[in-house]
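Structure assessment
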Amino acid sequence: MSPRVLLVDDAEDVRLIAQMSLERIGGWTVVPVASGEQALQAATDGGPFDAVLLDVMMPGMDGPSTLRQLRARGLPAEVKIVFLTAKAQAADLQRLRALGAAGVIAKPFDPLALPRQLAELLEASTDPAGSRLPAPR
Amino acid sequence: MSERLRRTRGAAAVTQPIGYRQATVALIAFVLVYVSWQLFDWIPGSRESVGDLLLVPVDSAATLAAWCASRRVARSDRLGSFWRWIAFALAAETIGDAVQAIYDVVLHRSPYPSLADPFYLAFYPLLLFALLRITVAALSSDRRAKTTLDAATIVVGGGAVVWYLVLGPTALEGGQGVLAMAVSLAFPIGDVFLLAALAVVLLRHSPVALRAPLRLITIAVVLGIVADVLYGDGQLHGTYTSGDFIDTLYVLEFSAFALAGVRQAPPDAEEVGVATERSQQLSPHASWLPYLSVAIALGVLLGVERRNPFFPDVSLVLIVIVLAVLVAVRQYVAQRELLRTQAALRHSEQLKDEFLSVVGHELRTPLTSIRGSLGLLAGGVLGELPEDAANMVAVAVLNTERLGRLVNDILDIERMAAGSLVLEPVAVDASELVEQSIQVVQATADAAGVTLRSDTAALTVLADADRIVQALVNLLGNAVKFSPRGAVVTLTVSPQDDDALFSVRDNGRGIPADRLEAIFERFRQVDASDAREKGGTGLGLPIARGIVEQHNGHMWAESRAGQGSTFRFTLPLAGEPRTPARMRARPLEQLAQV
């Protein structure tokens, strides 16, 4: 069974592109949702996931509060969260990492490189033993 | 002569006003005739009557000039009403002089006070109102407080001088009727208020169109004040006669008013709108002029005090205390206003930063969709494309990437210009910066067949690593772009005095000497086609220089045509005390010089 990623982004385009990229190139199974609230729902009902790819600027619950809520509702620490953001300021990126994310991927991203970027970030923050994540390629 | 003047003045009534020079010549001629008549008494016994009579035409000329000026500036409400009230004031003076002339020439008697005095006195409130019309718009509370305090300081300072010099001795000497004394006191009191109002007007930025006339009005008012003080003194001591030297001062005063009216040019269309806002600003002189009035007052008082038996020292001390309190309060108000302005400035800086952040996000969001869908097409994820289509998509991908870089660079430049690019410099090894930047550029260099070499001295610099790497990447990227295949780009770091000197050398085509500075300007590549061919944004060098300068370093280029170029910059070594812990971007003006 391929690893599963929960993809949270309010922009339909981005969900479509990232899903295609991750599924067809990276071999992930992608569960796309459009808001933080839906993400909380999916994490409980649709799990388990191996990773969460989380947009930062969303109407309603934004990325950071979604992250906090996911963790508060018992999303296990080994499920890594990676932010996806169109804010490229160094200060923004640092703040996001400080929230406990495994990494940050900047928009616009190269869809051909996205699966590798994601895998590398997860690899870098995961204990290699027992990982069922795809190796970076 | 007065006939000629009146005729000349008559011309000002038509839409084409008479020239300033003509008016000056006519008035100087008039003054000369007046003065020589006073001195030589051309028709024996006519001195006094002529002295009185000639005041009327010069008053009328001034009134007419002011009225014409009010018509000329009619499209600015404030200026129009200012000149209208000046004309009213001058008309009152004209009537006063006419009445006085009737007393002297027709009735041959000079009562004091006379029916002329109410008109003379009406001059003060009317002129005061005119001056206030130009000053008082909707002022903020701090500015209103400052204006009031300035006026109060000047009134107290000026009042003290007038009191010690004129009023006090007059009041204590007595010997005159109560009415006469009241009238002769009214003149200098009116003068003090006028002086205060004038000072307040001069302390503000007046509309540009009013500046030249305002200088002449100032001269007129000062002449009038001197004349009034002498006149009041003369009347009380019974030494004043018509056609006195004092009257010459009045002639000069109203000549100056007349010239001011002629001098008033119509305001610019723009001025009509912005004048109100500009007039809110105090000129920097506002901060020292009230103090000067205090100093003058005290100086005069000290000079008078010694030979003045009427006043005990305590009155002097009281005046000093009042002035000191006024100045102290003003200082407080000014300081409070400054703090508020700074807070507002910080707020607007923050708003600008937030705006740039949102702009960045809004531009990158559609770019993400475009870049993503093109990338999937180009990568063949959605099926192989025919060759032509693949080429087209590749072009689109390249340019989308360039657009993305442009967005980042423009936002960086804007942040620097707004002073909101905050650096957090720490002590960092130069070799680390070099390694990181070479790592970023390596792939591009490999693709271009260019070798990257580095030679780094063991130095620790004070730098925001991310930003310096960004600057180095820009320099290295340029060097690679402009190097032929097989060439070598060298990055060296060496000590130079208290700095580390970073040098990026290439063997490219070089930069003409006259372009070595221009390339650091925005969108000013050596060759206009570079942007297209090399995919640069035209902002890489200005950003790199901006980053380095924000680190208190310098960046420059050296080159000989055909022998490659070297870009160098300095960074302070760690442990240098001159570097603040947090550095802010410099303001826009300095960046514009980049």
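Because the structure is a prediction, the values reported are computed rather than measured.

1. Notes on the overall build of chain B
For chain B, the helix and strand inventory stands at 18 helices and seven strands. Within chain B, the proportion of its 594 residues that are buried is 40%. In chain B, once contacts between residues fewer than 6 apart in sequence are set aside, the share between residues at least 24 apart is 78%.

2. A word on the overall build of chain A
Along chain A, the regular secondary structure elements total five helices and five strands. In chain A, the succession of helices and strands from N to C terminus is β-α-β-α-β-α-β-α-β-α. Across the 137 residues that make up chain A, the buried fraction comes to 37%.

3. Thoughts on the nonpolar core
All names here are of chain B. Membership of the largest hydrophobic core comes to 85 residues, with the highest contact counts inside it found for Ala66, Ile86, Phe257 and Ala258. Both domains that meet at this core, namely domain 1 (2-311) and domain 2 (312-418), each give it at least three residues. When residues no more than four places from it in sequence are discounted, the contact partners of Ala66 are Trp83, Ile86, Ala87, Leu90, Phe257 and Gly261. Core analysis: the next-biggest nonpolar cluster, separate from the first, contains 41 residues, Ala479, Phe502, Val504 and Phe569 among them.

4. A few points about the pairing of strand 2 (residues 29-33) of chain A
Residue and element names in this part refer to chain A. Note that strand 1 (residues 4-8) and strand 2 share five bridges and pair parallel. Along strand 2, the bridge assignment pairs Val5 with Val30. For the segment spanning strand 1, helix 1 (residues 12-25) and strand 2, crossover handedness is right-handed.

5. Comments concerning the packing of helix 3 (residues 47-72) of chain B against helix 9 (residues 245-263) of chain B
For any two helices packed against each other, one specifies the inter-axial angle together with the distance between the axes. Residues and elements named next belong to chain B. Direction vectors running N to C along helix 3 and helix 9 enclose 20°, while the axes themselves pass 7 Å from each other. The angle between the axes of helix 3 and helix 9 places the two elements in the roughly parallel class. Helix 3 and helix 9 meet at a crossing whose hand is left-handed. Side by side, helix 3 and helix 9 meet where Gly51, Leu55, Val58, Asp59, Ala61, Ala62, Ala65, Ala66, Cys68 and Ala69 of the first sit next to Asp247, Tyr250, Val251, Phe254, Ser255, Phe257, Ala258, Gly261 and Val262 of the second. Among the residues forming the contact of helix 3 with helix 9, the class breakdown is 14 nonpolar, three polar and two charged.

6. A closer look at the sheet that holds strand 2 (residues 451-456) of chain B
In a beta sheet, neighbouring strands are held together by backbone hydrogen bonds and run either parallel or antiparallel to one another. Residues and elements named next belong to chain B. The sheet built from five strands is open, its strands ordered 2-4-5-7-6 with mixed pairing. The strands lining the two open edges of the sheet, one partner per strand, are strand 2 and strand 6 (555-559). When strand polarity is set aside, the average angle formed by the axes of neighbouring strands in this sheet is 20°. In the packing of helix 14 (residues 430-448) onto the sheet, contacts are made with strand 2, strand 4 (488-496) and strand 5 (499-505), and the angle to strand 2 comes to roughly 175°.

7. Topic: unusual backbone geometry
Excluding glycine, most residues fall at negative phi; most peptide bonds, likewise, are trans. Between Lys107 of chain A and the following residue, Pro108 of chain A, the backbone shows a cis peptide bond with an omega angle of -5°. Tracing the backbone through its elements, the reader meets Pro108 of chain A in the loop between strand 5 (103-106) and helix 5 (114-124). A positive phi angle, close to 50°, is found at Asp497 of chain B, a residue other than glycine. Summarising the element assignment, Asp497 of chain B is placed in the loop between strand 4 and strand 5. Backbone geometry places Asn552 of chain B, a non-glycine residue, at a positive phi of 65°. With respect to the helices, strands and loops of the structure, Asn552 of chain B is situated in the loop between helix 17 (540-550) and strand 6.

8. Considerations on the environment of Val489 of chain B
All names here are of chain B. Mapped onto the fold, Val489 is located in strand 4. C-beta crowding within 10 Å serves as the criterion here: with 27 such atoms nearby, Val489 is assigned to the buried category. Along the sequence, Val489 and Gly508 sit 19 residues apart, while their C-alpha atoms lie 9.3 Å from each other. For Val489, the residues in contact, after removing those within four places along its chain, are Val450, Leu452, Leu476, Ala479, Val480, Ser483, Val504 and Asp506.

9. Digging into the packing of helix 3 of chain B against helix 4 (residues 77-107) of chain B
Residues and elements named next belong to chain B. Between helix 3 and helix 4, the least distance of the axes is 8 Å, while the angle of their chain directions is 165°. As judged from the angle between their axes, helix 3 and helix 4 are roughly antiparallel. The chirality of how helix 3 crosses helix 4 is left-handed. Among the residues forming the contact of helix 3 with helix 4, the class breakdown is 15 nonpolar, seven polar and seven charged.

10. Focus: the interface of chain B and chain A
Taken together, the contacts link 18 residues of chain B with 20 residues of chain A. Contributions of two or more residues to the side of chain B that touches chain A are made by helix 12 (313-378) and helix 13 (387-418) of chain B. Counting residues per element, the side of chain B that touches chain A draws most heavily on helix 12 of chain B, at 13 residues.

11. Focus on the environment of Ala479 of chain B
Residue and element names in this part refer to chain B. Assignment of secondary structure puts Ala479 in helix 15 (residues 465-481). Using a count of 27 C-beta atoms within 10 Å as the deciding quantity, one classes Ala479 as buried. As a C-alpha pair, Ala479 and Gly564 span 85 residues in sequence and 9.0 Å in three-dimensional space. Beyond its immediate stretch of four places on either side in the chain, Ala479 contacts Val489, Val504 and Asp506.

12. Quick look at the sheet that holds strand 5 of chain A
Residue and element names in this part refer to chain A. In space, the five strands of this open sheet follow the order 2-1-3-4-5, with parallel pairing throughout. Looking at the sheet topology across the chains shown, the edges are occupied by strand 2 and strand 5. The mean inter-strand angle of the sheet, taken between neighbouring strand axes irrespective of direction, is 20°. In terms of strand pairing, strand 4 (residues 80-85) meets strand 5 through four bridges, oriented parallel. Looking at the pairing, Phe83 lines up with Val104 of strand 5. Lying over the sheet, helix 1 contacts strand 1, strand 2 and strand 3 (51-55), oriented at roughly 170° with respect to strand 2. Seen against the sheet, helix 3 (residues 63-72) touches strand 1, strand 3 and strand 4 and runs at an angle of roughly 150° to strand 3.

13. Quick word on helix 13 of chain B
The terminal C-alpha atoms of helix 13 of chain B, which comprises 32 residues, lie 46 Å apart, in line with the 46 Å expected from a rise of 1.5 Å per residue. Every buried residue of helix 13 of chain B is listed here: Gly404, Val407, Asn408, Asp409, Asp412, Arg415 and Met416 of chain B.

14. Quick look at the pairing of strand 4 of chain A
All names here are of chain A. Among the six residues of strand 4, six are classified as buried, and the element is accordingly described as predominantly covered. Of the two faces of strand 4, both are covered, the one formed by Lys80, Val82 and Leu84 as well as the one formed by Ile81, Phe83 and Thr85. Direction of pairing for strand 3 relative to strand 4: parallel, over a ladder of five bridges. Across the sheet, Leu53 pairs through a bridge with Val82, a residue of strand 4. Following the chain from strand 3 across helix 3 to the adjacent parallel strand 4, one finds a crossover that is right-handed.

15. So, the environment of Val200 of chain B
You can see Val200 of chain B is positioned in helix 7 (residues 178-202). Counting along the chain gives 52 residues from Val200 of chain B to Thr148 of chain B, while the straight-line C-alpha distance between them is 8.8 Å.

16. As for the confidence of the model for chain B
Residue and element names in this part refer to chain B. Taken as a whole, chain B shows an average pLDDT of 79; of its residues, 79% reach a score of 70 or greater. This model gives residues 576-594 a pLDDT under 50, and the stretch forms 36 contacts once residues within four places in sequence are excluded. Of the two predicted TM-score estimates for the complex, the pTM is 0.56 and the ipTM is 0.85.

Basis of the calculations
Residues numbered from 1 in each chain as written. Chains lettered and ligands numbered in written order. Predicted model: local features only at pLDDT ≥ 70, side-chain atom pairs only at ≥ 80, totals over all residues. Helix = DSSP H or I, 4+ residues; strand = E, 2+ residues; numbered from the N terminus. Buried ≥ 20, exposed ≤ 12 C-beta atoms within 10 Å, placed from the backbone. Contact = placed C-beta atoms within 7 Å. Core = buried A, V, L, I, M, F, W, Y, C linked by C-beta atoms within 7 Å. Domains from an automatic or database assignment. Pairing = 2+ DSSP bridges. Right-handed = clockwise from strand over helix to strand, strands pointing away. Axes fitted to C-alpha atoms, helices over the stretch in contact; angles between N-to-C directions. Parallel < 35°, antiparallel > 145°, perpendicular 65-115°, else oblique. Left-handed = near helix turned anticlockwise from the far one by under 90°. Nonpolar A, V, L, I, M, F, W, Y, C, P; charged D, E, K, R; others polar. Expected span 1.5 Å × (residues − 1). pLDDT = per-residue confidence, 0-100.

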